[in-house]
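The chain contents come next:
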Amino acid sequence: MIETKEIKAEDLQDNPVIAAMSQYNHEQLLFCNDNATGLKAIIAVHNTVLGPALGGTRMWMYNSELEALNDVLRLSRGMTYKNSISGLNLGGGKAVIIGDARSMKSEALFRRFGKFVNSLAGKYITAEDVGITPQDMTWVNMETDHVAGLPGKSGDPSPVTAFGTYMGMKACAKKQFGTDSLAGKKVAVQGVGHVGEYLVQHLVKENAEVYISDIHNETLERVSKKYGAKVVGLEEIYDVNMDIYAPCALGATVNDDTLSRLKCSIIAGAANNQLANEKLHGQAVLDKGIVYAPDFALNAGGVINCYAEVTENTADWAMQKAEDIYGTIERIITRSADENTPSYAIANKMAEERIESIGNVKLPL
Ligand code: NAD
C-alpha cells in the first residue's frame with residue numbers, strides 16, 4: 001500500500017534494528033520470546049499520534065527473522081495510513097508470530113503473547129489477521145484487555161468492509177459517470193468470499209449487472225444462483241466488457257498484463273495491495289483515465305468494525321462510519337484529478353497531513 005524499501009542484511013550492520021525502525025520512523029518494537037511455549041513474535045508500534053496503535057496479529061512460517069521484521073514494519077506502517085485516512089483516532093501497529101499456524105498453536109503460547117501485548121499498557125491493540133482465529137484471540141484476552149475482534153463482540157467485519165467498499169465504489173461512479181447510481185453498470189467482482197458475496201448483494205439490489213469469478217466452484221455456483229450473477233473464468237474476468245473491476249480476492253491483480261486488458265473505467269475492490277507496483281501501476285491507471293479507489297481507504301470497514309468494539313460503539317455506528325468512505329474516496333479522487341497525481345499518492349498524503357495536523361495540536365497555556 002505504501003512504498004517501502006526492503007531491509008537487507010547489509011543494511012543492518014551497525015545498529016541493525018534501530019536503523020530499520022528509523023527508516024520509516026517506527027516508534028517502538030517489542031521482540032517477544034518464550035522458550036517454554038515456543039513463542040517468537042515481534043510487535044511493531046509505528047505511530048501513536050492519533051491514538052493507540054491498532055492492527056492485527058499475523059501468524060506465519062517466515063523463512064527468517066529478517067523476513068518477519070520486514071513484514072511487521074511494512075504492515076504496521078500501513079495501518080497508520082489506513083487508520084488515519086479513515087478518520088479514526090488510532091495509530092498504526094501490527095504483530096507477527098513466527099511459526100506454523102497449523103501445528104504450533106496452544107493456549108499457553110497465546111496467553112504468553114497476551115502478556116507481552118499487555119506490557120505495552122494499551123499503546124498497542126491487537127486483533128486477528130492471517131493465521132489467527134477468534135479462539136486464539138480469546139486466549140490473548142485472558143491476559144490483556146487490549147484486544148479487538150473477540151467472539152460475541154463486533155463479530156465478522158466482512159459486511160462492514162463490503163458496505164464501505166460499495167459506498168466508495170458509488171463515489172467513483174459519481175466522478176466517472178456523473179451519477180452514483182450503479183443500476184445497469186457492469187461490475188466484475190473477483191472473489192466472492194466473505195467480502196465479495198456481501199458486495200454482490202449490494203450491487204444486485206441496485207440492479208447492477210454483476211459478473212463473478214472464484215477459484216472455489218461451489219462458492220461460485222452458490223453465489224451465482226442466489227443473486228443471479230454471471231459466472232466468468234478466472235482469467236476471463238480481466239477481459240469482461242465492464243464498467244467497474246472489483247478485486248476482492250488477491251493482491252497485485254492490477255499489473256502490466258491486466259492493465260492492457262481491463263476495459264473498465266473504475267477499479268474499486270476490497271483486496272489489499274491491488275497495485276502490483278504502486279508507483280508504476282498507480283501512474284498507469286491514471287494515464288488510462290481509470291478512477292482507482294485506493295484499497296486501504298476503500299476496505300477500511302474491517303478496522304472501523306474493530307474501532308467500534310474498542311470504543312464500545314454499536315454495529316449501527318460502524319455501518320454509519322463505513323458510509324463515510326463515500327466522502328473519503330470522493331475527496332481522494334477529486335484531488336487526484338485536480339493535481340493530476342495518482343490516487344494512492346493522494347491518499348498517502350492525506351493520511352500524513354492528518355497525522356501532522358493532529359500532532360501539531362497544542363494545549364493552550
Ligand atoms: P475470503 O478468503 O473469504 O474470500 C476470498 C475469496 O477469493 C475466496 O472465495 C477465494 O476462493 C477467492 N479467490 C482466491 N483466489 C482467487 C482467484 N485467483 N480468482 C478468483 N477468486 C479467488 O476473504 P475476504 O475476507 O472476503 O477478503 C477478501 C479480500 O479483502 C482479501 O484481500 C482481504 O485481505 C481483503 N480485506 C478483507 C477484509 C474483511 O473484513 N474480511 C477487510 C479488509 C480487507
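Computed from a predicted structure; not experimentally measured.

Asker: Even after reading the chapter, I still don't get the overall build of the protein, so can you show me in this structure?
Answerer: When its secondary structure is counted, the protein shows 14 helices and twelve strands. Its C-alpha atoms give the protein a radius of gyration of 20 Å, within 12% of the compact-globule value 21 Å for 365 residues. The C-alpha extent of the protein, read off along each of the three principal axes, is 55 × 50 × 45 Å. With 365 residues in all, the protein has 53% of them scored as buried.

Asker: What am I meant to see in the site of the ligand here?
Answerer: Every one of the 20 residues lining the ligand counts as a neighbour, but Thr161, His194, Val195, Asp214 and Ala249 are closest to it. Taking Ser158, its side chain carries an N or O atom lying 3.5 Å from a nitrogen atom of the ligand. Separating an oxygen atom of the ligand from a backbone N or O atom of Val195 is a distance of 2.8 Å. When isolated, the ligand has an accessible area of 830 Å², and the protein chains bury 74% of it. In terms of residue class, the shell around the ligand is made up of nine nonpolar, ten polar and one charged.

Asker: Please clarify how the state of the cysteines should be interpreted in this entry.
Answerer: This model, assessed by the stated rule, comprises zero disulfides. Among the cysteines around Cys264, which has no disulfide bond, Cys172 carries the closest sulfur, lying 11 Å off. Owing to a relative accessible area of 6%, Cys264 belongs among the buried residues under this scheme.

Asker: When you look at the side chain of Glu206 in this model, what are you seeing that I'm missing?
Answerer: Structurally, the position occupied by Glu206 is in the loop between helix H6 (194-205) and strand E8 (209-213). Overall, the relative accessible area of 15% leaves Glu206 in the buried class. Not counting residues up to four positions away in its chain, the partners in contact with Glu206 are Tyr166, Lys170, Asp180, Ser181, Leu182 and Ala183.

Asker: Would you explain the domain arrangement of the protein in this entry?
Answerer: A common way to express how large an interface is: the accessible area buried when the components associate. The domain boundaries assigned to the protein delineate domain 1 (9-78 + 91-141) and domain 2 (158-352). Taken over C-alpha atoms, the centre of domain 1 sits 29 Å from the centre of domain 2. On the side of domain 2, four residues touch domain 1, which itself brings four residues to the contact. Of the roughly 300 Å² buried between domain 1 and domain 2, counting both surfaces, carbon and sulfur atoms make up 76%. Summed over the shared surface of domain 1 and domain 2, the number is zero residue pairs in polar contact (both at pLDDT 80 or more).

Asker: Would you take a moment to explain the pattern of salt bridges for this structure?
Answerer: Any two side chains of opposite charge can pair, given that their charged atoms come close. Taken as a whole and assessed by the stated rule, the structure comprises 20 salt bridges. Of the charged contacts, one joins Asp100 and Arg102 as a salt bridge, the two residues approaching to 3.5 Å between their closest N and O atoms. By relative accessible area, Arg102 is classed as exposed at 79%. Residues Lys349 and Glu339 are paired through a salt bridge, measuring 3.3 Å at the closest nitrogen-oxygen approach. In this pair, Lys349 is assigned in helix H14 (residues 343-359) and Glu339 in helix H13 (residues 325-339), connecting sequence segments ten residues apart. The partly exposed category is assigned to Lys349, whose relative accessible area is 35%. One salt-bridge network, held together by shared partners, links Arg58, Asp71, Arg74, Lys94 and Asp129.

Asker: It is not clear to me how a nonpolar patch on the surface should be interpreted in this structure. Could you clarify?
Answerer: A cluster of nonpolar side chains, contributed by Val49, Ile358 and Val361, occupies part of the molecular surface with about 240 Å² of accessible area. Mapped onto the elements of the fold, Val49 is located in the loop between strand E2 (39-47) and strand E3 (53-54). Given a relative accessible area of 36%, Val49 falls into the partly exposed group.

Asker: Even after reading the chapter, I still don't get H13, so can you show me in this structure?
Answerer: Since one α-helical turn is 3.6 residues long, residues separated by three or four positions face the same way. In this model, H13 (15 residues) spans 21 Å end to end at C-alpha, consistent with the 21 Å of a helix rising 1.5 Å per residue. Those residues of H13 not exposed but buried are Ile325, Tyr326, Gly327, Thr328, Ile329, Ile332, Ile333 and Ser336. Just past H13, the residue Asn340 takes up positive phi, approximately 45°.

Asker: What is the right way to look at the packing of aromatic side chains in this model?
Answerer: The description of two aromatic rings rests on the distance between their centres and on the angle between their planes. Inspection of the entire model under this criterion finds four aromatic pairs. Aromatic side chains Phe163 and Tyr166 sit 6.5 Å apart centroid to centroid with 40° between the ring planes, which places their arrangement in the tilted category. Of this pair, Phe163 and Tyr166 both sit in helix H5 (residues 158-177), three residues apart, which is roughly one turn of that helix. Neither residue differs from the other here; Phe163 and Tyr166 are each classed as buried. Here the aromatic rings of Tyr307 and Trp317 are separated by 5.9 Å at their centres, their planes lie at 40°, and the arrangement is tilted. Taken together, the residues Tyr307 in helix H11 (residues 301-310) and Trp317 in helix H12 (residues 315-323) connect sequence positions ten residues apart. Residue classification places Trp317 among the partly exposed positions, given a relative accessible area of 25%.

Analysis parameters
Residues numbered from 1 in each chain as written. Predicted model: local features only at pLDDT ≥ 70, side-chain atom pairs only at ≥ 80, totals over all residues. Heavy atoms only, no water. Helix = DSSP H or I, 4+ residues; strand = E, 2+ residues; numbered from the N terminus. Rg over C-alpha atoms; globule rule 2.2 N^0.38 Å. Buried < 20%, exposed > 50% of the residue type's maximum accessible area, 1.4 Å probe, protein only. Near = heavy atom within 4 Å. Polar contact = N/O pair within 3.5 Å; in protein donor to acceptor, adjacent residues only side chain to side chain. Areas by Shrake-Rupley, 256 points an atom, 1.4 Å probe, with all protein chains shown as cover. Nonpolar A, V, L, I, M, F, W, Y, C, P; charged D, E, K, R; others polar. Disulfide = S-S within 2.5 Å. Contact = heavy atoms within 4.5 Å. Domains from an automatic or database assignment. Buried area = accessible area lost by both parts, 1.4 Å probe. Salt bridge = Lys/Arg side-chain N within 4 Å of Asp/Glu carboxyl O. Patch = residues over 30% accessible without salt bridge, like charges linked within 9 Å, V, L, I, M, F, W, Y side chains within 5 Å. Expected span 1.5 Å × (residues − 1). Phe/Tyr/Trp six-rings, centres within 6.5 Å; stacked < 30°, edge-to-face > 60°.

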